[in-house]
Amino acid sequence: MRTAVYAGSFDPPTNGHLWMIKRGLEMFDRLIVAIGNNSAKRYSFTVNERLELLRQSIPSCESLEITYFDNRYLVDYARKKDAL
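Let me begin by describing the structure that accompanies this report. Note that the structure is a prediction, hence the values are computed from the model and not measured. (Residues numbered from 1 in each chain as written. Predicted model: local features only at pLDDT ≥ 70, side-chain atom pairs only at ≥ 80, totals over all residues. Heavy atoms only, no water.)

### A few points about the overall build of the chain
Alright, step 1. Counting secondary structure elements, the chain contains 3 helices and 3 strands.
Alright, step 2. The secondary structure elements of the chain, listed N-terminal to C-terminal, are β-α-β-α-β-α.
Alright, step 3. For 84 residues, the compact-globule estimate of 2.2 N^0.38 gives 12 Å, and the chain sits close to it at 12 Å.
Alright, step 4. Based on the C-alpha atoms only, the size of the chain along its principal axes is roughly 35 × 25 × 20 Å.
Alright, step 5. Buried positions account for 32% of the 84 residues belonging to the chain.
Alright, step 6. In the chain, the share of contacts with a sequence separation of at least 24, taken over all contacts with a separation of at least 6, comes to 72%. (Helix = DSSP H or I, 4+ residues; strand = E, 2+ residues; numbered from the N terminus. Rg over C-alpha atoms; globule rule 2.2 N^0.38 Å. Buried < 20%, exposed > 50% of the residue type's maximum accessible area, 1.4 Å probe, protein only. Contact = heavy atoms within 4.5 Å.)

Have a look at this one:
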């Protein structure tokens, strides 16, 4: 099974983000959309608001996970999730 992580701040989610998610779902067996949260940065929306915005913008499907990660290198997060 091929798993990919698409990470970003998604503050807010844009049409470009949604296009990338759609393409990722076509290319991989499982796609993890991960909101990177850095406590040193200021965001327009909270993590929970960004999660909700993404969930409302994307039809739910089994192969999609929408989540977040804090102050971590993306490569370490991807390894933890067994992603490519």
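Once you've had a look at it, read on.
### Details of helix 2 (residues 47-57)
Alright, step 1. Taken residue by residue, helix 2 has Val47, Arg50, Leu51 and Leu54 as its buried positions. All buried residues of helix 2 lie within an arc of 100° about the axis, which places them on one face of the element. Opposite the buried face of helix 2, at more than 90 degrees from it, the exposed residues are Asn48 and Gln56.
Alright, step 2. Lining the buried residues of helix 2 we find helix 1 (15-27), strand 2 (30-37) and strand 3 (64-70). (Arc of directions from axis to C-beta.)

### Some points on the side chain of arginine 50
Alright, step 1. Within the fold, arginine 50 resides in helix 2.
Alright, step 2. For the buried residue arginine 50, which engages in no salt bridge, the nearest side chain bearing the opposite charge is aspartate 11, 4.2 Å off.
Alright, step 3. At a separation of 3.3 Å, a polar atom in the side chain of arginine 50 contacts the side chain of asparagine 37.
Alright, step 4. When sequence neighbours within four positions are dropped, the list of residues in contact with arginine 50 reads Ser9, Phe10, Asp11, Ile35, Gly36, Asn37, Tyr43 and Phe45. (Lys, Arg positive; Asp, Glu negative; His and termini not counted. Salt bridge = Lys/Arg side-chain N within 4 Å of Asp/Glu carboxyl O. Polar contact = N/O pair within 3.5 Å; in protein donor to acceptor, adjacent residues only side chain to side chain.)

### Structural notes on the side chain of threonine 67
Alright, step 1. Tracing the sequence through the fold places threonine 67 in strand 3.
Alright, step 2. Its relative accessible area of 16% is what places threonine 67 among the buried residues.
Alright, step 3. Leaving out residues up to four positions away in the same chain, threonine 67 has contacts with Ile32, Val33, Ala34, Ile35, Leu51 and Tyr77.

### As for the pattern of salt bridges
Alright, step 1. Applying the stated criterion across every chain, the model contains 4 salt bridges.
Alright, step 2. The partner of glutamate 65 in a salt bridge is arginine 30, and the shortest N-O contact between them spans 2.7 Å. Within this pair, whereas glutamate 65 is found in strand 3, its partner arginine 30 is found in strand 2, the two being separated by 35 residues in sequence.
Alright, step 3. Residue glutamate 65 is classed as partly exposed on the basis of its relative accessible area of 22%.
Alright, step 4. Residues joined in a network through salt bridges with shared partners are Arg30, Glu65 and Lys81.

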